[in-house]
Amino acid sequence: MKTTKLKQIAQWCGGTLHETDGEVEVRGVSTDSREVKPGQMFIPLVGARVDGHTFISRAVENGAVAVLNANKEKAPKNVPYIQVEDTLLAFGAIAAGYRQTMKAKVLAITGSVGKTTTKEMLAAILNRQFRTIWTEGNHNNNLGLPMSVMDIEEDTELAVLELGMSAFGEMSYLTKIARPDMAIFTNIGTMHIEHLGSREGILKAKMEILEGMNKEKGVLVLNGDEPLLWNQRKELPMETHYFGIDNSLCEVSGSNIRSDNSGVRFDVTAFGKTFEVFVPANGQHTVYNALAAITAALLQGATVENIQAGLATFENAGMRQKIYEKNGYTIIEDCYNAGPESMEAAINVLADRVVEGNGRKIAVLGDMLELGSCAMAEHHRIGRIAQIRKIDRIFAYGVNASRVATGAVTGGMKNKFANFYDDQDQLIHDLRFQAKPGDTLLFKGSRGMKMERILQLFWKDEDI
């Protein structure tokens, strides 16, 4: 964040200044009193269990020169502060105001799945050629996005931001903070369909991103293999470009896709250029994410050489499709989240792995949450896909675990190989007993299923 006077910050959020004439200069913000740096403003957030106002004194001791305050009874003493009604909403307003002062172009990524991966790919490309910042981890909500916006410096040329939502109105709020110059849609899937009703509802909620864009100068990058997005092409109010694999009318396309255990190679035809890229990750979804990043990068003036080099050094974030060897096993750690599209993609990655000797392919799958009335059918379908792709064993966990197992069995898998559990510890016990070195294990499930715990305890020696 560039140095900003406190009175300007107060104007952005509509707050009232106290204990100062407003000439205090702020060199950043922090919502964690333990991490406040000298010169920053502390923003105390109020959660279900913790009220950040309790830690104002600690923040000041650590160097905070100002405080945002929404609790009149806990108003700070001997330090400038801005009185507001709600610190989280005020933080969003501050970020929106700050964004308007920055010259950097904002490239916003949304979609049902693949947002974070596409963001990391695009950042890996652009950072080789431009002064680029990008969203840390999955900071894509009403708290994380303002944090990312406040990280933009005066010399930043491009900011790659991730925007997520799970209900109507949320994207509208975020886009008015980010004010994207370009919006990139990875796809339209079924994540959060419980709240949005249908895939058409998901599309409508995602399209709220246009509300924060300049219709004359804004640019859209869309997945042309998604009918819901392709059918929008004549209705969109700004410059639009499509990428895809199957749709021959896309301006950017991928073909000649070849995969092995090291990753995926494919040919790209884009805006009159043809070149090959390699990405050290597996699956057709990887190709789609890379094509989205390639399209956006080319439109920003990135060179083919930087695209190739950036993608070749790409590393996935967090617990997303990390593939590694340990104790004789091959592990596919994909525990961050899951929906039908990403679950199918992960099973395909497992199925396409080349195993040696008597090694087997084992899927350890947790429930996919927020599917509403679609939940039972989608879990059954995932089980069928696992059998069709010749996965050797399934260990399913959760309320809908039996649906996954039933789907596999009706597809032809033997009952004894389609295991389902409502208890994690029992699953871990059985998995330890049945899995052998040489096997490849996929761990995948929604965030709330805590699949990383199963993986962590799988390695431990003590009894469960």
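Whatever comes next refers back to the structure up there.
Okay, so let's go over this structure. (Residues numbered from 1 in each chain as written. Predicted model: local features only at pLDDT ≥ 70, side-chain atom pairs only at ≥ 80, totals over all residues. Heavy atoms only, no water.)

Points about the side chain of Ser 342
Thought 1: With respect to the secondary-structure elements, Ser 342 resides in helix H12 (residues 340–352).
Thought 2: On the basis of relative accessible area, Ser 342 is assigned to the buried category, the value being 14%.
Thought 3: Separated by 3.0 Å, the side chain of Ser 342 and the backbone nitrogen of Gly 339 make a polar contact.
Thought 4: Beyond its immediate stretch of four places on either side in the chain, Ser 342 contacts Val 113, Asn 337 and Lys 444. (Helix = DSSP H or I, 4+ residues; strand = E, 2+ residues; numbered from the N terminus. Buried < 20%, exposed > 50% of the residue type's maximum accessible area, 1.4 Å probe, protein only. Polar contact = N/O pair within 3.5 Å; in protein donor to acceptor, adjacent residues only side chain to side chain. Contact = heavy atoms within 4.5 Å.)

Here we look at the sheet that holds strand S7 (residues 81–83)
Thought 1: Taken together, the five strands give an open sheet; going across it, the order is S2-S7-S6-S5-S4, and neighbouring strands pair in mixed fashion. In this open sheet, the two edge strands, each paired with only one partner strand, are strand S2 (16–18) and strand S4 (29–30).
Thought 2: Bridge count between S2 and S7: three bridges; the pairing is antiparallel. In the sheet register, Leu 17 faces S7, and the bridge partner there is Ile 82.
Thought 3: Lying over the sheet, helix H1 (residues 6–13) contacts S2, strand S5 (41–42), strand S6 (66–69) and S7, oriented at roughly 15 degrees with respect to S7.
Thought 4: Against the sheet, helix H3 (residues 87–101) touches S4, S5 and S6, its axis set at about 120 degrees to S6. (Pairing = 2+ DSSP bridges. Axes fitted to C-alpha atoms, helices over the stretch in contact; angles between N-to-C directions.)

Here's the deal with the environment of Ile 307
Thought 1: You can see Ile 307 is positioned in helix H11 (residues 304–312).
Thought 2: A C-alpha to C-alpha distance of 9.9 Å links Ile 307 and Phe 278, two positions 29 residues apart in sequence.
Thought 3: Leave out the neighbours within four places in its chain, and Ile 307 touches Ile 125, Phe 275, Val 277, Ile 294, Ala 297, Leu 298 and Ala 302.

Re the sheet that holds strand S16 (residues 273–279)
Thought 1: Here nine strands make up an open sheet; going across it, the order is S9-S10-S8-S11-S12-S13-S14-S15-S16 and the pairing mixed. The open sheet has two edge strands with one neighbour each: strand S9 (132–134) and S16. Strand after strand, the sheet turns through a mean of 20 degrees between neighbouring axes, direction not considered.
Thought 2: Where S9 lies against strand S10 (residues 158–162), three bridges are found, and the strand directions are parallel. When the bridges of S10 are listed, Trp 134 appears paired with Val 160.
Thought 3: Along the sheet, helix H10 (residues 284–299) makes contact with strand S11 (182–185), strand S12 (219–223), strand S13 (239–244), strand S14 (252–260), strand S15 (263–270) and S16, crossing S15 at roughly 40 degrees.

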